[in-house]
Amino acid sequence: MQAQAPQPPEALDAAVAAERLRNARFVNAGRAAGVAVTLAIELFLQTSQRDYQGSQIGLHATWLACAAVLLVACWRSDAIARWAGLALPLVDMPLFFTLMYGLISRLQATGFSDDGRAVAAGVTVFFALMVLMSGAMLERRLLVVSVGLALALAATLQLHAGVDYSLGLFMLVSIVLAFSISLAVGRRSVALVAAVTDEQLRRDRLGRYFSPQITQRLLERGDDAGRGESREVTVLFADLRDFTALGETMPGPEVVALLNSIHEGWVEAVFEHGRTLGKYMGDGIMAYFGAPLAQADHAARALRCARAMDASLRRLNQQRAAAGAPGLRLGIGIHSGRVVLGDIGAARRREFTVIGHTVNIAARLENLTKEIGRPILLSAETARRAGSVDGLSSVGPVEIRGQTEPMQVFALSEPA
C-alpha cells in the first residue's frame, strides 16, 4: 500500500516476462511479414528487369517458410517464443544482408549500379525496423547487439554499392534513431508494466483485508492509506474452541477444507458489515471496525458481525450433525479503543493491521470465553459505544491481564 515498499521482484519479473512473450509473438508476425515483403520486391525486380537474375529466390522462399514455421511455433510454445528474439540478429539480419548483397552485385553486373545504390540506401530502413523489433523484446543486451550488427551490415552494403558518403551517413542515423526510440520505449514499457503490476498487487492485497467498496475507496486515496495513524476502532478476535484436538483426529486435507469453510463464512460476515479483516491466525481471525475509513457505529457493527459469525457456525454445525460429525464452538472477544493503524512489517512483507492495548484486551477477552463459557464477550466500553443492544448481559467485573483494575465484561447472545 505504501510507495516506499518495493514491489515483489518475482511479481514484476513475471509481468515483464508476460509482456515480453506477447511482444515476441508480435515480432515473429512482423518478421514473417517483412520477409514476405522483401521476397515480393525481389520477384517484382525479376519480372520487371529483363536482365535480372533471380538466383536467390529459392533461398528467399526458404527463409519465408522458416519464418512462417517459427511464427506458428511461437504461438504454440511459450519457450520457443521467448528465444525467438535471438533470430533477429543471428538469423534475419545476416540472411537479409546476404540477399541484399547478392541483389546489389547482380544489379551492378547488369548495368544497374544506380538501382544498386538505391537498394543499399533503402534497405537501411529494414535494418532500422529490425532494431525496433529487437527493442520490443525488452532485452537491452539483445537491442545493443542488434543495433551494432545493423549498423555494420548496412554500412557494408552502402560501401559495396558506392552510396554517397553523406547520404549513407544520413541513412545510418535512422538506425541509431530506431535504437534510441526502442531504448526509450522499452524503459517506458517496463515502467508501465511495473505500474500496472503494482496497482494489481495493491488491489489484490487490499482485497484480502477489505470489502470491495472499501478497497476501491482506499485505492482512490493512494499511498496515504497505509501511513501510520491513531484511530478509535473496535477490535474483534474469533477462535474455534478445541479445534486442535479435533484436527488431530482428521486427515490433513479435511482439516484444511473445514477451516476454509469456516473462514469463508466468517470473512463474509466481516465484509458484509463493511470492515477489515486484520489477519488469519490458524483456526481464528482478527478483524477491526472503524478503520481504515472512519465509521461512527463501529462498535455496533462489530456486535452484528459477531452474531453473524456465530450464526454461520451454527449453520455449519447443523450440516455436520446431519453427517454425524461433532459440533464446533467458537469464542469471540470484542473491545473498543484507540489503536495504531498502518502498513506494518518488513519491506518485502507488510500487513495493514492495528496494534496497541485495545488489541491486546480484545484478544484476552476472546481467551476469557473459555473460562466463562460464553461464546461472545465484550468490554463495557464497546457496550457503551454500541448503544442499546438486545441479548446483552453483564458477566461482572473480571480480572484482565494488563489491566490495573477489574474490567466490566458483558456477554452477547442471540436476541429472543
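Residues numbered from 1 in each chain as written. Predicted model: local features only at pLDDT ≥ 70, side-chain atom pairs only at ≥ 80, totals over all residues. Heavy atoms only, no water.

### Examining the overall build of the protein chain
Item 1. Per the secondary structure count, the protein chain includes 14 helices and 8 strands.
Item 2. Expressed as a percentage of the 416 residues in the protein chain, the buried residues total 47%.
Item 3. If you take every contact in the protein chain between residues at least 6 apart in sequence, the share linking residues at least 24 apart comes to 71%.
Item 4. Approximately 20,300 Å² of the protein chain is accessible, and the part contributed by carbon and sulfur atoms is 59%. (Helix = DSSP H or I, 4+ residues; strand = E, 2+ residues; numbered from the N terminus. Buried < 20%, exposed > 50% of the residue type's maximum accessible area, 1.4 Å probe, protein only. Contact = heavy atoms within 4.5 Å. Areas by Shrake-Rupley, 256 points an atom, 1.4 Å probe, with all protein chains shown as cover.)

### Description of a nonpolar patch on the surface
Item 1. On the surface, Val125, Leu129, Leu132, Leu177, Ile181 and Val185 cluster together into a nonpolar patch covering about 490 Å² of accessible area.
Item 2. Listed by contribution, the elements that provide at least two residues to the nonpolar patch are helix H6 (124-135) and helix H8 (165-209).
Item 3. With respect to the helices, strands and loops of the structure, Leu132 is situated in helix H6. (Patch = residues over 30% accessible without salt bridge, like charges linked within 9 Å, V, L, I, M, F, W, Y side chains within 5 Å. Salt bridge = Lys/Arg side-chain N within 4 Å of Asp/Glu carboxyl O.)

### Describing the environment of Arg384
Item 1. You can see Arg384 is positioned in helix H14 (residues 380-386).
Item 2. Placed 48 residues apart in sequence, Arg384 and Ser336 show a C-alpha to C-alpha distance of 9.5 Å.
Item 3. A polar contact of 2.6 Å, which involves the side chain of Arg384, links it to the side chain of Glu381. (Polar contact = N/O pair within 3.5 Å; in protein donor to acceptor, adjacent residues only side chain to side chain.)

### Thoughts on the confidence of the model for the protein chain
Item 1. For the protein chain, mean pLDDT is 79; residues scoring 70 or higher make up 81% of the total.
Item 2. This model gives residues 1-7 a pLDDT under 50, and the stretch forms 23 contacts once residues within four places in sequence are excluded. (pLDDT = per-residue confidence, 0-100.)

### Regarding the pattern of salt bridges
Item 1. Considering all chains together, one arrives at 10 salt bridges under this definition.
Item 2. Here Arg385 and Glu232 are joined by a salt bridge, their closest N and O atoms 2.8 Å apart. Taken as a pair, Arg385 in helix H14 and Glu232 in strand E1 (residues 229-241) lie far apart in primary sequence, 153 residues in all.
Item 3. Glu232 gets classed as partly exposed once you look at its relative accessible area, which sits at 27%.
Item 4. For Arg314, the salt bridge identified is with Asp310, shortest N-O distance 3.0 Å. One end of the pair, Arg314, and the other, Asp310, are both in helix H12 (residues 298-322), 4 residues apart, so they sit about a helical turn from each other.

### Structural notes on helix H13 (residues 357-372)
Along an α-helix, residues three or four apart share an orientation, since each turn contains 3.6 residues.
Item 1. With 16 residues, H13 extends 22 Å between its outermost C-alpha atoms, agreeing within 8% with the 22 Å of an ideal straight helix rising 1.5 Å per residue.
Item 2. Residues Thr358, Val359, Ile361, Ala362, Leu365, Glu366, Leu368 and Thr369 constitute the buried set of H13.
Item 3. The first or second residue beyond H13 is Gly373, which carries a positive phi of 80 degrees. (Expected span 1.5 Å × (residues − 1).)

### Thoughts on the packing of helix H4 (residues 87-109) against helix H7 (residues 140-161)
Item 1. Interhelical geometry of H4 versus H7 gives an angle of 5 degrees and a closest axis separation of 10 Å. Taken together, the axis directions place H4 and H7 in an arrangement best described as roughly parallel. Here Pro89, Met93, Pro94, Phe97, Met100, Tyr101, Ile104, Ser105 and Gln108 of H4 lie close against H7, whose contacting residues are Leu142, Val145, Ser146, Leu149, Ala150, Leu153, Thr156, Leu157, His160 and Ala161.
Item 2. Split by residue class, the contact of H4 with H7 holds 14 nonpolar, 5 polar and no charged. (Axes fitted to C-alpha atoms, helices over the stretch in contact; angles between N-to-C directions. Parallel < 35°, antiparallel > 145°, perpendicular 65-115°, else oblique. Nonpolar A, V, L, I, M, F, W, Y, C, P; charged D, E, K, R; others polar.)

### Considering the packing of aromatic side chains
Item 1. Applying the stated criterion to the full structure yields 3 aromatic pairs.
Item 2. Each ring, one from Phe96 and one from Phe127, has its centre 5.3 Å from the other, and the planes form 75 degrees; the classification is edge-to-face. Of this pair, Phe96 sits in helix H4 while Phe127 sits in helix H6, and the two are 31 residues apart along the sequence. Neither Phe96 nor Phe127 differs from the other in exposure class; each is buried.
Item 3. By the ring-pair criterion, three or more aromatic residues cluster together here, those being Phe96, Phe126 and Phe127. (Phe/Tyr/Trp six-rings, centres within 6.5 Å; stacked < 30°, edge-to-face > 60°.)

### Section: the side chain of Glu366
Item 1. Structurally, Glu366 is set in helix H13.
Item 2. Excluding its chain neighbours within four sequence positions, the residues that come into contact with Glu366 are Phe237, Ala238, Asp239, Arg241, Gly331, Ile332 and Gly333.

### A word on the environment of Gly148
Item 1. If you trace the backbone, Gly148 turns up in helix H7.
Item 2. When the C-alpha atoms of Gly148 and Pro89 are compared, they prove to be 9.4 Å apart, with 59 residues separating the residues in sequence.

### Notes on the nonpolar core
Item 1. Core analysis: the largest hydrophobic core is formed by 41 residues, its most contacted members being Met100, Phe127, Val131 and Ile175.
Item 2. Where this core is concerned, the elements lending two or more residues are helix H1 (9-48), helix H2 (57-76), H4, helix H5 (113-122), H6, H7 and H8.
Item 3. Here the element with the most residues in this core is H4; it accounts for 9 residues.
Item 4. Once residues within four sequence positions are removed from consideration, Met100 is found in contact with Val119, Val123 and Leu157.
Item 5. Counting 35 residues, the second-largest nonpolar core is a separate cluster that includes Ile285, Leu303, Ile332 and Val389. (Core = buried A, V, L, I, M, F, W, Y, C linked by side-chain atoms within 4.5 Å.)

### A closer look at the pairing of strand E8 (residues 407-412)
Item 1. In terms of burial, E8 is largely enclosed, as 5 of its 6 residues are buried.
Item 2. Here strand E6 (residues 376-379) runs beside E8; their pairing, made up of 3 bridges, is antiparallel. Across the sheet, the residue bridging to Leu377 is Ala411, located in E8.
Item 3. Here strand E7 (residues 392-398) runs beside E8; their pairing, made up of 6 bridges, is antiparallel. Each residue of the ladder has a partner; that of Val398, found in E8, is Met407. (Pairing = 2+ DSSP bridges.)

### A word on the packing of H2 against H4
Item 1. One way to put it is that H2 packs onto H4 with a least axis distance of 11 Å and a crossing angle of 160 degrees. Overall, the two elements H2 and H4 adopt an arrangement that is roughly antiparallel. Crossing geometry of H2 relative to H4 is assigned as left-handed. Across from Leu59, His60, Trp63 and Leu70 in H2, the residues of H4 making contact are Ala87, Asp92, Leu95, Phe96 and Leu99.
Item 2. Across the contact of H2 with H4, the residue classes tally to 7 nonpolar, 1 polar and 1 charged. (Left-handed = near helix turned anticlockwise from the far one by under 90°.)

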